[in-house]
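Letter by letter, the chains look like this.
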Amino acid sequence: MFRKLILISVSIMLLAFNANAGSDGELVLKKNQPTEIKDCFEKLNRVTFAFNQALDGVIFKPIASAYRVLPSPIKEGVSNSLDNLSTLVTIPNNIIQGEVKKAGINSGRFILNTTIGILGFIDVAQHLGFPEHEREDYGQSLATMGVGPGCYIVLPVLGPSTVRDAAASAINLVGGDAWYNVTVNNDTRYFSDFDYYSSRVTSGIDFRAKNYDAIENLEKNSIDFYASVKSLYLQDRQQKILNTNKIIETQDDSDWEEIETQ
Amino acid sequence: MNLKKILIFFILFFFNNTYLYSIEPDVFVQSTVNRASQILSENITKKEKINKLKFIAKETVDIRGVGFYSLGLARKSLNDAQKIKYSELFESYFLKSFSSRLSEYTNPEINVVGKEFLNKNYTIVNSILIGTSERPEVKIDWRIYTKNPENPLIRDLIIEGLSLARTQKEEFASILNSNDGDIEALFKTLDEFSKN
């Protein structure tokens, strides 16, 4: 395990070193502009997208539809628990990104929510005034180091991603995710593979249920649903990398400026 | 002398009116969402709701501006006849898409919570769509075109940081790319969407 962690650290350092020249905020912003990201495998992506849509129609959509009618406190509790588990990936990424204070806050949040909050079901930290949890992952960490996204890809079942983010998520499977480590990697008395995979599936259902109307609406009113999903995913990703939800920081205004209608 | 007085009167009247009718972007957004919300909660058919929502959209959205923004660089290669045709097709497409998206909601409650002045042409108005048992709270920002302060217009809706205009622009670009930049292919797609 220790060897794996060293290998990951060295790989990340090498990638970062390789891409470090000029890796300031502007460059990160430019590299992750949705319009700058090439859809190199568009034909294959569209086929995978169609497969995912079919899978969604048969499995995720009906389950999400049933999940939505559960009482709000249960849905909120499940969502909180999943968010709490994701903190285990956020904390090492806070450290990689040099945000030690955030890593401390998130560690405190995890301890409080896991113990007093009954395995994360209640977000005690939020009630105590902790700042909102912003998820971080290895793809975001690589991006902040200046590693470009590569091509846009659609993964079977998992959905939209980029070459960088898909490759980075493999770090979770080789020691980068403590939840994966205690469930799948080192099967303990208390957890099993089932716990990990069921948490992943529940996470997908939770996401689908939260965005149920929005997805239906988008699909119904899009003239190219694939292109819409790609655009929304890449915009969302760009914001997460920059840790902002302000459109004015990410959107190039020049296109608007030249359009005069008044 | 009389002519001078009349002129002064007209100038003062004009400036007074400009001041009086200048509408603050946040007030404009709140009044627009209140109007839409009222229609959505009315006990009328879906078709009637859609027609009323289309009327509000025509009044408050810069449809022509959004249309040309959505076209991206392709707008520069259109001739005058194509521009007119595109504007017509886009308006039909936009009104159908916009009203259809909105009509799915029943009695949405949107509260304006702030605004951010970008420059003399743009203000971002921040609002919150109040959550229900079925959907979480949603942040919605509005890009308001304020070049004419008396007649502010909506140019974009930014939902949880995701721009609808930008998404639409990339959707149009995808259609153009997969048809070797043929604008007629986009016209056909827009026309088919509006007629279906």
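Note that the structure is a prediction, hence the values are computed from the model and not measured. (Residues numbered from 1 in each chain as written. Chains lettered and ligands numbered in written order. Predicted model: local features only at pLDDT ≥ 70, side-chain atom pairs only at ≥ 80, totals over all residues. Heavy atoms only, no water.)

**Section: the nonpolar core**
Link 1 in the chain: With 36 residues, the main nonpolar core has Y86(B), F90(B), Y93(B), W142(B), F172(B), L186(B) and L190(B) as its most contacted residues.
Link 2 in the chain: Put simply, the parts of the chain that give this core at least two residues each are α2 (25-41), α4 (63-71), α5 (80-103), β2 (122-129), β3 (138-145), α6 (164-177) and α7 (183-195) of chain B.
Link 3 in the chain: The element contributing the most residues to this core is α5(B), with six residues.
Link 4 in the chain: Setting aside residues up to four positions removed in sequence, Y93(B) forms contacts with N221(A), I223(A), Q168(B), E171(B), F172(B), L190(B), F193(B) and S194(B).
Link 5 in the chain: Counting 12 residues, the second-largest nonpolar core is a separate cluster that includes Y152(A), L218(A), Y233(A) and L162(B). (Core = buried A, V, L, I, M, F, W, Y, C linked by side-chain atoms within 4.5 Å. Buried < 20%, exposed > 50% of the residue type's maximum accessible area, 1.4 Å probe, protein only. Helix = DSSP H or I, 4+ residues; strand = E, 2+ residues; numbered from the N terminus. Contact = heavy atoms within 4.5 Å.)

**Describing the confidence of the model for chain A**
Link 1 in the chain: With 82% of its residues at a pLDDT of at least 70, chain A reaches an overall mean of 85.
Link 2 in the chain: The model gives residues 5-23 of chain A a pLDDT under 50, and that stretch makes 19 contacts with residues more than four places away or in other chains. (pLDDT = per-residue confidence, 0-100.)

**Focus: the state of the cysteines**
All names here are of chain A.
Link 1 in the chain: Applying the stated criterion across every chain yields a total of one disulfide over all chains.
Link 2 in the chain: The side chain of C40 participates in a disulfide bridge whose partner is C151; the two sulfur atoms lie 1.7 Å from each other. What sets the handedness of the C40 and C151 disulfide is the S-S torsion sign, and at about -70 degrees it is left-handed. Residue C40 is located in the loop between α2 (25-31) and α3 (42-68), and its partner C151 is located in the loop between α7 (138-144) and β1 (152-155); the two are separated by 111 residues in the primary sequence.
Link 3 in the chain: The exposure class of C151 is buried, given its relative accessible area of 16%. (Disulfide = S-S within 2.5 Å.)

**A short note on the interface of chain B and chain A**
Link 1 in the chain: Listed by partner, the interface residues are 50 residues for chain B and 41 residues for chain A.
Link 2 in the chain: Carbon and sulfur atoms make up 46% of the surface buried where chain B meets chain A, a total of about 4,000 Å² over both sides.
Link 3 in the chain: Counting the surface chain B buries against chain A, the share from its top three residues, Y69(B), R166(B) and E171(B), is 16%.
Link 4 in the chain: Remark: the boundary between chain B and chain A carries zero salt bridges.
Link 5 in the chain: If you look at where chain B meets chain A, you find nine residue pairs in polar contact (both at pLDDT 80 or more).
Link 6 in the chain: With nine residues, α6(B) is the largest single contributor of residues to the side of chain B that touches chain A.
Link 7 in the chain: Of the residues belonging to the side of chain B that touches chain A, the class tally is 18 nonpolar, 13 polar and 19 charged. (Buried area = accessible area lost by both parts, 1.4 Å probe. Salt bridge = Lys/Arg side-chain N within 4 Å of Asp/Glu carboxyl O. Polar contact = N/O pair within 3.5 Å; in protein donor to acceptor, adjacent residues only side chain to side chain. Nonpolar A, V, L, I, M, F, W, Y, C, P; charged D, E, K, R; others polar.)

**Focus: the packing of aromatic side chains**
Link 1 in the chain: Throughout the structure, instances matching the rule amount to 17 aromatic pairs over all chains.
Link 2 in the chain: Between the aromatic rings of F49(A) and Y226(A), the centroid separation amounts to 5.4 Å while the plane-to-plane angle is 85 degrees, which identifies the pairing as edge-to-face. Here Y226(A) lies in helix α12 (residues 225-242) and F49(A) lies in helix α3, a separation of 177 residues in the sequence.
Link 3 in the chain: Assessed through its relative accessible area of 12%, F49(A) is described here as buried.
Link 4 in the chain: The exposure class assigned to Y226(A) is buried, which follows from its relative accessible area of 3%.
Link 5 in the chain: Considering the side-chain rings of Y152(A) and Y233(A), the 6.4 Å spacing of their centres and the 50 degrees angle between planes classify their relative orientation as tilted. Residue Y152(A) is located in strand β1, and its partner Y233(A) is located in helix α12; the two are separated by 81 residues in the primary sequence. The two residues Y152(A) and Y233(A) agree in class, both being buried.
Link 6 in the chain: Taken together through their ring pairs, the aromatic side chains of F68(B), Y86(B), F90(B), Y93(B), F94(B), F98(B), F172(B), F187(B) and F193(B) make up a single cluster.
Link 7 in the chain: One residue, K96(B), lies across the ring of F193(B), its end atom 5.1 Å from the ring centre.
Link 8 in the chain: Across the ring face of Y122(B), the terminal group of R143(B) is positioned such that the distance to the ring centre comes to 5.1 Å. (Phe/Tyr/Trp six-rings, centres within 6.5 Å; stacked < 30°, edge-to-face > 60°. Lys NZ or Arg CZ within 6 Å of the ring centre and 35° of its normal.)

**Observations concerning the side chain of S99(B)**
Residue and element names in this part refer to chain B.
Link 1 in the chain: Among the secondary structure elements, S99 is positioned in helix α5.
Link 2 in the chain: From its side chain, S99 meets the backbone oxygen of L95 in a polar contact 2.5 Å long.
Link 3 in the chain: Of the polar contacts made by the side chain of S99, one reaches the backbone oxygen of K96; its length is 3.3 Å.
Link 4 in the chain: If we skip the residues at most four places from it in the chain, S99 touches I50, L53 and K54.

**Notes on the packing of α3(A) against α12(A)**
Residue and element names in this part refer to chain A.
Link 1 in the chain: Where α3 contacts α12, the two axes come as close as 11 Å, and the packing angle between them is 95 degrees. With respect to their mutual orientation, α3 and α12 come out roughly perpendicular. Counted together, E42, N45, R46, F49 and Q53 of α3 and F225, Y226 and V229 of α12 form the full contact between these two elements. (Axes fitted to C-alpha atoms, helices over the stretch in contact; angles between N-to-C directions. Parallel < 35°, antiparallel > 145°, perpendicular 65-115°, else oblique.)

**With respect to the packing of α12(A) against α6(B)**
Link 1 in the chain: α6(B) packs onto α12(A) with a crossing angle of 135 degrees between their chain directions and a minimal axis gap of 8 Å. As summarised for this structure, α12(A) and α6(B) are arranged oblique, according to the angle between their axes. Crossing handedness for the pair α12(A) and α6(B): right-handed. Only R166(B), T167(B), E170(B), E171(B) and S174(B) of α6(B) make contact with α12(A), whose side of the interface consists of F225(A), A227(A), S228(A), S231(A), L232(A), Q235(A) and Q238(A).
Link 2 in the chain: When the residues that make up the contact of α12(A) with α6(B) are grouped by side-chain class, the tally is three nonpolar, six polar and three charged. (Left-handed = near helix turned anticlockwise from the far one by under 90°.)

**Quick look at the pairing of β3(B)**
Residues and elements named next belong to chain B.
Link 1 in the chain: Summarising burial for β3: seven of the eight residues are buried, a large majority.
Link 2 in the chain: Here β2 pairs with β3 via eight bridges, running antiparallel. Bridge pairing in β3 links L129 to V138.
Link 3 in the chain: As defined by bridge partners, β3 adjoins strand β4 (residues 153-159) across six bridges and the pair is classed as antiparallel. Bridging from a neighbouring strand, W142 pairs with L157 of β4. (Pairing = 2+ DSSP bridges.)

**Regarding the confidence of the model for chain B**
Residue and element names in this part refer to chain B.
Link 1 in the chain: Looking at chain B, the pLDDT average stands at 86 and 89% of residues meet or exceed 70.
Link 2 in the chain: Taken element by element, chain B is modelled with least confidence in helix α1 (residues 2-21), mean pLDDT 57, and with most confidence in α7, mean pLDDT 93.
Link 3 in the chain: At the level of chain-chain contacts, confidence expressed as ipTM amounts to 0.81, with global pTM at 0.83.

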